[in-house]
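Chain and residue survey
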Amino acid sequence: MEVSKQMISKYERGESIPSAKNYQKLVFLLRFPLSFFQKKDKFEQENLGTFYRSRLTSTQTEKKPSELKKKYLAILANLFEQYVDFPTLSDNSIFSNNPTQAAKQLRSAWNLGTGPILDVMDLLEHHGFKIALVSSDSGKVDAFGSEIKINNEVYYCILIDENNNSYFRQQFSLAHELGHWVLHSGKVYPQELDSIDYRKMENEANEFAANFLLPTSEFIDDVLGEEKDLNNYLRLKQKWKVSISAMIYRVNSLGLLEPNEFRNLQKKLSYNHWRHEEPMDRDYSIRKPILMRQAFNLINKVELFDGNVINDLLENNYGISLPIEIISELLGVSINELQSNNSNIVKYRNEKLMTK
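The model shown is predicted, which means the values in this text are computed figures rather than measured ones. (Residues numbered from 1 in each chain as written. Predicted model: local features only at pLDDT ≥ 70, side-chain atom pairs only at ≥ 80, totals over all residues. Heavy atoms only, no water.)

Focus: the overall build of the chain
Using the following cut-off: Each helix is a run of DSSP H or I of at least 4 residues and each strand a run of E of at least 2, with the numbering of both proceeding from the N terminus. Under the scheme applied here, a residue whose accessible area is under 20% of the maximum for its type counts as buried, over 50% as exposed, and between as partly exposed, the area being computed with a 1.4 Å probe on protein chains only. By the convention used here, residues are in contact when the closest approach between their heavy atoms is within 4.5 Å. Each accessible area is a Shrake-Rupley estimate made with a 1.4 Å probe; only the visible protein chains count as cover when residues are assessed.
Along the chain, the regular secondary structure elements total 16 helices and six strands. For the chain, buried positions account for 47% of its 356 residues. Considering only residue pairs separated by 6 or more positions, the chain has 75% of its internal contacts joining residues 24 or more positions apart. Entry remark: accessible area of the chain is about 17,900 Å², with carbon and sulfur atoms responsible for 48%.

In structure tokens, the structure reads:
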């Protein structure tokens, strides 16, 4: 920009307005449309607090880009909902505040039985969650979720980082965010918690995820008698689709390990260099959300509108415009698909399509 850091701060706080020349630089450097900076929002929003699965050292600056992407995902869902019927999000008030009981109740409510869950992402999309795989540009944010209202419509959006996750880590991250929805959404505002209460809330989400992915009775049957054998966890990883590290913590929480036995397993993980990458991690691809992509493809197929006019609709209906790269990322659609040659739009067709 060739301006001082103090001037940038004034721009950000609204204390100074960039000159026309500096506006051009902003547009060029940030690759956001000029109208993004000049238009006023035409929508109502209410953010009910964001639950991060991240290290406590992550800063507000690191979190802010992801917060904006979460809002844009909800806006895109609100736009598409004018044309597409999405799966309905359940009422979370019916579940217990106890993580163990809530996990059992949700498995029962969703008719999951007590066996392994092979694809948590697909499960959540079938039950109305809006998910996007994004680059958070931070090594400290794995995933986060939040209930957000756009024009009085409620969405629960989960954004998961594409760089910090193996398939197995992704499974637990999504179950963790599901735990926040079951236990805390609408009941706790996380940004108002002190560090002690925030850590307690995170531990509850972890406890929920462990119980949800590894039901007590069935998992104990698999591990009992071989709970100290690291090779047994390799076999169980393939069955339960949960990381070895998470299973060891689960076994320890169930009281099946003595403190020294738990420490020994932790040492073995370190000795085998399995802290950051475990066996089989490269054999499974991370899951990608398909709900928003499927909605876009349905809309495009019947020529309600195509990718060329999404920004026009966003600008007209919501007062925002976005770089095509962000729209591509949030929809899980390639930039080429958004720039198709077909530019038809039928704004007032009443048909609604079913996704999932």
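Anyway, onward from the coordinates.
Structural notes on the nonpolar core
Formally: Put simply, a nonpolar core is a bunch of buried Ala, Val, Leu, Ile, Met, Phe, Trp, Tyr and Cys residues held in one set by side-chain atoms that sit within 4.5 Å of each other.
Counting 51 residues, the largest nonpolar core has Leu178 and Phe212 as its most contacted members. Other than its neighbours up to four places away in sequence, phenylalanine 212 contacts Ala103, Leu106, Arg107, Leu112, Ile117, Leu123, Ala175 and Leu178. Counting residues in each nonpolar core, the second largest holds 41 residues, with Ala77, Ile148, Leu313 and Tyr318 among its members.

A look at the confidence of the model for the chain
Going by this rule: pLDDT is defined as a per-residue confidence score from the predictor, taking values between 0 and 100.
Per-residue pLDDT for the chain averages 88, and the proportion of residues at 70 or more is 90%. Here residues 343-350 scores under 50 on pLDDT; set against residues more than four positions off or in separate chains, the count is 20 contacts.

Details of the layout of surface pockets
What counts is decided by this rule: Think of a 1 Å grid over the protein atoms and nothing else: a 1.4 Å probe that fits but is trapped marks a cavity, an open set flanked by protein within 12 Å on at least five of seven lines marks a pocket, and residues with an atom within 4 Å of a point count as lining. Grid points are joined across faces, edges and corners, and a volume is the space filled by probe spheres set on the points. Note on residue classes: Ala, Val, Leu, Ile, Met, Phe, Trp, Tyr, Cys and Pro are nonpolar, Asp, Glu, Lys and Arg are charged, and everything else, Gly too, is polar.
Looking at the largest pocket, its volume works out to about 1,600 Å³. Forming the walls of the largest pocket are 46 residues, and the residues nearest its centre are Leu30, Phe32, Phe36, Leu68 and Tyr72. Among the elements of the structure, α1 (5-13), α2 (20-30), α3 (34-38), α4 (60-80), β3 (130-134), α13 (291-301) and α15 (324-331) are those that each provide at least two residues to the lining of the largest pocket. Its residues assigned to classes, the lining of the largest pocket comprises 27 nonpolar, six polar and 13 charged.

Here's the deal with helix α14 (residues 310-318)
For clarity, the threshold we go by: For this quantity, the arc is that covered by the directions from the helix axis to the C-beta atoms.
Among the residues of α14, those classed as buried are Ile310, Leu313, Leu314 and Tyr318. End-on, the buried residues of α14 take up no more than an arc of 100°, which puts them together on one face. Remark: glycine 319 follows α14 within two positions and exhibits a positive phi of approximately 75°.

Brief notes about the pattern of salt bridges
As a reminder of what qualifies: Whenever a carboxyl oxygen of Asp or Glu lies within 4 Å of a side-chain nitrogen of Lys or Arg, that contact is scored as a salt bridge.
Here the structure, examined in full by the defined rule, presents 13 salt bridges. Taking the shortest distance from any N to any O, the salt bridge between glutamate 277 and arginine 282 comes out at 2.7 Å. For arginine 282, a relative accessible area of 71% corresponds to the exposed category. One salt-bridge network, in which partners are shared between bridges, spans Lys237, Glu278 and Asp281.

With respect to the packing of aromatic side chains
In plain terms, the rule: Pairing of aromatic rings covers Phe, Tyr and Trp, the last counted by its six-membered ring, and requires centre-to-centre distances within 6.5 Å; plane angles under 30 degrees mean stacked, over 60 mean edge-to-face, and any other angle means tilted.
The full count for this structure, using the stated rule, is 13 aromatic pairs. For the ring pair phenylalanine 129 and tyrosine 156, a centre distance of 5.6 Å and an interplane angle of 80° mean the geometry is edge-to-face. Of this pair, phenylalanine 129 sits in the loop between α6 (120-126) and β3 while tyrosine 156 sits in strand β5 (residues 153-161), and the two are 27 residues apart along the sequence. Taking relative accessible area as the criterion, tyrosine 156 reaches 0% and is therefore assigned buried. When the ring of phenylalanine 219 is compared with that of tryptophan 240, the centres are 6.2 Å apart and the planes differ by 85°; the resulting orientation is edge-to-face. One end of the pair, phenylalanine 219, is in helix α9 (residues 216-223); the other, tryptophan 240, is in helix α10 (residues 230-240), and 21 residues separate them in sequence.

Concerning the environment of glutamate 192
Position of glutamate 192 relative to the elements: it lies in the loop between α7 (167-183) and α8 (195-213). A residue is classified by how much of its surface remains accessible, and glutamate 192, at 65% relative accessible area, is exposed. Taking C-alpha positions, glutamate 192 is 8.9 Å from glycine 49, a pair spaced 143 residues apart along the chain.

Here we look at a nonpolar patch on the surface
The test is simple: Residues form patches when they are more than 30% accessible in relative terms and have no salt bridge. Like charges link within 9 Å. Nonpolar side chains (Val, Leu, Ile, Met, Phe, Trp, Tyr) link within 5 Å.
Together, Phe28, Leu29 and Leu30 line one region of the surface with nonpolar side chains, adding up to about 340 Å² of accessible area. Turning to its location among the elements, phenylalanine 28 is positioned in helix α2. Note on phenylalanine 28: relative accessible area 67%, which makes it exposed.

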